[in-house]
Amino acid sequence: MTARPMTVNRFLNQRPVAVVLYVAVVGLICWSSYTGAQQMGYNWQWYQVPKYLFTFTDDGFQWGEIMVGLVATIWLSVTSFVLATVLGLLVALLRLSGLVMGTVVSVGFLEIIRNIPLLVLLYLFYYVLGPVFGLDRWTASVLTLGVFHAALVSEIFRAGINAVAKGQWEAADSIGMSRAQAYRWIVLPQSVRFMLPPLTGEMVALIKSSAIVSVIAVAELTTVGRNIISDTFMSFEIWFTVAAVYLVITVILSIGVSRLEKRYAVNQ
Amino acid sequence: MAGEIIIKADKIDKFYGDFKALDAVSVTVCQGQRLVVCGPSGSGKSTLIRCFNGLESHDAGRLTVQGVELYDGSPNIRALRQNVGMVFQQFNLFPHLTVLENLTIGPIKVRKLSKAVAVDTARKYLDRVHIPEQADKFPAQLSGGQQQRVAIARSLCMEPAVMLFDEPTSSLDPEMIGEVLDVMVELAGTGMTMVVVTHEMGFARKVADTMVFMEQGRIVETSPPEVFFTNPTSARARLFLDQILEH
């Protein structure tokens, strides 16, 4: 091989150089936050943290507050995601129905939801619709997250459905399938492949945006973290821990779905 | 030949915007008839055949299939399509289903047959198109010629009264055209009513009992193949044949 000139890019991409760079950057961040905390006289109490994850008492093993909060976050996210998926599919089908009314309704929904901040939407559901329809905190949260993400999910569905070749519709038509049958047996199974990656992204986004319901004091992960801090003043340790817990579940989710994607890819 | 009338088009027009794709086209297809439609590209052949099963809707004139009138949004269209098989240029097999599932999904979901009956029928027609051993493969694992034969079998599984072929060999590699045409010749031998849009004149000569020549959305000539290939009445058809048979 002829020697190519050593550009800056090529130099930085060599493995040993990359490792040294990575260690240097991470080290710098850790060192500066540590010294920064030292300077403000922060009293690290990491040994206090594990009991908020789990404890062994005379009664045996018990999950700590953070884990209870995590379960609430997961439950909240899953419920909201189911709502977002169902609503999103309906909106997408309405949009693709070819009916003028359907397009108007779905585009209107999309534009309204997309252009209101999530926090304001949450206030609308909790403080305005809440008293009117008697929604509790939990229901208001699920509705907010579900409706907000339904708008984004519907665009994912629409793109996935449109990505299926037109000839598939014609083939389904030509054997006498109804529109519903063509969706159910021919088009949707094929669009799953196109939808899975962006849907995972949406689920991850939903888990993260679920933290916002802490402003109406729903007892999920972020709220729990805030409560612990107000009792113990360990803001550094607890926020690091809470961030790590969010990170762990979203990473697990991403890995799981990339496996699933590979299986689908083999089947095609 | 003059059996029951299956398709009857009476002066049908079709527009794409300002472009007139079909211009007062009248044609009749009877039971057992084998109609081959040819003509230069853009002459409306595919549009015509796609009207026959409602994939395109005509804008004027009357079109009846098995005595039922077809029009945009006609409620009978699904029942009718079950009796009109269609084979596409691009095969349009369902890539997420195996060959056998491609063949059985229509009978099971649309005709509501039991799985066992549908599978029996599917195997019968896979034999008929000479690829019984490919039943459990996915379409992408087959050659183009095999895929098109699966597509033919898929249509046959619905037990249609007439089969429409829209340039069935145009997207195939040359060495695979023969195997698909052979299956179609055999199908013609069973007495199936067929309407075929194709440039394969050798096939047309062998199978057709009526040749239809189209140009610019109009039917220019309708004649039996003996006449059409030796002494076409229209000058335009003569020119077309000269060009296509030159090589």
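Residues numbered from 1 in each chain as written. Chains lettered and ligands numbered in written order. Predicted model: local features only at pLDDT ≥ 70, side-chain atom pairs only at ≥ 80, totals over all residues. Heavy atoms only, no water.

*Asks:* I would appreciate a short explanation of the confidence of the model for chain A in the present structure.
*Replies:* Reading predicted coordinates in detail is not appropriate for stretches of low pLDDT. Summary statistics for chain A give a mean pLDDT of 86 and a share of 96% for residues scoring 70 or more. For chain A, per-element mean pLDDT is lowest for strand 1 (residues 54-57) of chain A, which scores 77, and highest for helix 8 (residues 166-174) of chain A, which scores 93. (pLDDT = per-residue confidence, 0-100. Helix = DSSP H or I, 4+ residues; strand = E, 2+ residues; numbered from the N terminus.)

*Asks:* Looking at this structure, I do not really get the interface of chain B and chain A. What am I missing?
*Replies:* Reports often express the size of an interface as the amount of accessible area lost when the parts come together. Contacts between chain B and chain A engage 22 residues on the former and 19 residues on the latter. Here chain B and chain A share an interface that buries about 1800 Å² over both sides, 60% of which is from carbon and sulfur atoms. When the buried surface of chain B facing chain A is broken down by residue, Phe94, His96 and Lys109 of chain B rank first, second and third, together holding 29% of it. The tally of links between chain B and chain A comes to 2 salt bridges. The interface formed by chain B and chain A contains 7 residue pairs in polar contact (both at pLDDT 80 or more). Elements that contribute at least two residues to the side of chain B that touches chain A include exactly helix 2 (77-81), strand 6 (84-87) and helix 3 (99-110) of chain B. Tallying contributions element by element places helix 3 of chain B first for the side of chain B that touches chain A, with 4 residues. (Contact = heavy atoms within 4.5 Å. Buried area = accessible area lost by both parts, 1.4 Å probe. Salt bridge = Lys/Arg side-chain N within 4 Å of Asp/Glu carboxyl O. Polar contact = N/O pair within 3.5 Å; in protein donor to acceptor, adjacent residues only side chain to side chain.)

*Asks:* Would you mind showing me how to read a nonpolar patch on the surface here?
*Replies:* All names here are of chain A. Taken together, the side chains of Leu119, Val120, Tyr123, Leu124, Tyr127, Val128 and Val215 present a nonpolar region at the surface, about 570 Å² in accessible area. Relative to the assigned elements, Leu124 resides in helix 6 (residues 118-133). We classify Leu124 as partly exposed; its relative accessible area is 37%. (Patch = residues over 30% accessible without salt bridge, like charges linked within 9 Å, V, L, I, M, F, W, Y side chains within 5 Å. Areas by Shrake-Rupley, 256 points an atom, 1.4 Å probe, with all protein chains shown as cover. Buried < 20%, exposed > 50% of the residue type's maximum accessible area, 1.4 Å probe, protein only.)

*Asks:* Just to check I follow, could you spell out the packing of aromatic side chains for this structure?
*Replies:* How two aromatic rings sit relative to each other is set out by the distance from centre to centre and by the angle between their planes. Residues and elements named next belong to chain A. Across all of its chains, the model carries 6 aromatic pairs over all chains by this definition. Both rings, one in Tyr123 and one in Tyr127, keep their centres 5.6 Å apart while their planes meet at 45 degrees; by these two values the pair is tilted. In this pair, Tyr123 and Tyr127 are both assigned in helix 6, 4 residues apart and thus about one turn of the helix distant. Measuring from ring centre to ring centre gives 4.9 Å for Tyr126 and Tyr127, while their planes differ by 65 degrees; the resulting arrangement is edge-to-face. (Phe/Tyr/Trp six-rings, centres within 6.5 Å; stacked < 30°, edge-to-face > 60°.)

*Asks:* What is the right way to read unusual backbone geometry from this model?
*Replies:* Both trends apply: most residues other than glycine have a negative phi, and most peptide bonds are in trans. Its identity is not glycine, yet Phe233 of chain A carries a phi of approximately 60 degrees, on the positive side. Along the chain, Phe233 of chain A falls in the loop between helix 10 (221-232) and helix 11 (235-267). Within the chain, Ala24 of chain B stands out as a residue other than glycine whose phi angle is a positive 50 degrees. Checked against the element boundaries, Ala24 of chain B lands in strand 2 (residues 19-30).

*Asks:* Please explain the sheet that holds strand 1 (residues 5-16) of chain B as it appears in this structure.
*Replies:* Within a sheet, each strand pairs with its neighbour through backbone hydrogen bonds, oriented either parallel or antiparallel. All names here are of chain B. Spatially, the 4 strands line up as an open sheet ordered 2-1-4-5, and their pairing is antiparallel. Because the sheet does not close on itself, it has two edges, and the strands there are strand 2 and strand 5 (68-70). Averaged over all pairs of adjacent strands, the angle between their axes in this sheet comes to 25 degrees, without regard to strand direction. Where strand 1 meets strand 2, 8 bridges bridge the pair, whose relative direction is antiparallel. Following the sheet pairing, Lys14 is matched in strand 2 by Leu22. (Pairing = 2+ DSSP bridges. Axes fitted to C-alpha atoms, helices over the stretch in contact; angles between N-to-C directions.)

*Asks:* Looking at this structure, I do not really get the packing of helix 4 (residues 65-96) of chain A against helix 9 (residues 179-209) of chain A. What am I missing?
*Replies:* Packed helix pairs are specified by the crossing angle of their axes together with the interaxial distance, meaning the distance between the axes. Residue and element names in this part refer to chain A. Put simply, helix 4 and helix 9 touch, their axes get as near as 11 Å, and they point 135 degrees apart. Our classification of the angle between helix 4 and helix 9 gives oblique. Helix-helix and strand crossings are classified by hand; for helix 4 and helix 9 the assignment is right-handed. Mapping the contact onto sequence places Thr73, Ser77, Val78, Ser80, Phe81, Leu93 and Leu96 in helix 4 and Arg179, Tyr183, Leu199, Glu202, Met203, Leu206 and Ile207 in helix 9. Per-class residue counts for the contact of helix 4 with helix 9 are 9 nonpolar, 3 polar and 2 charged. (Parallel < 35°, antiparallel > 145°, perpendicular 65-115°, else oblique. Left-handed = near helix turned anticlockwise from the far one by under 90°. Nonpolar A, V, L, I, M, F, W, Y, C, P; charged D, E, K, R; others polar.)

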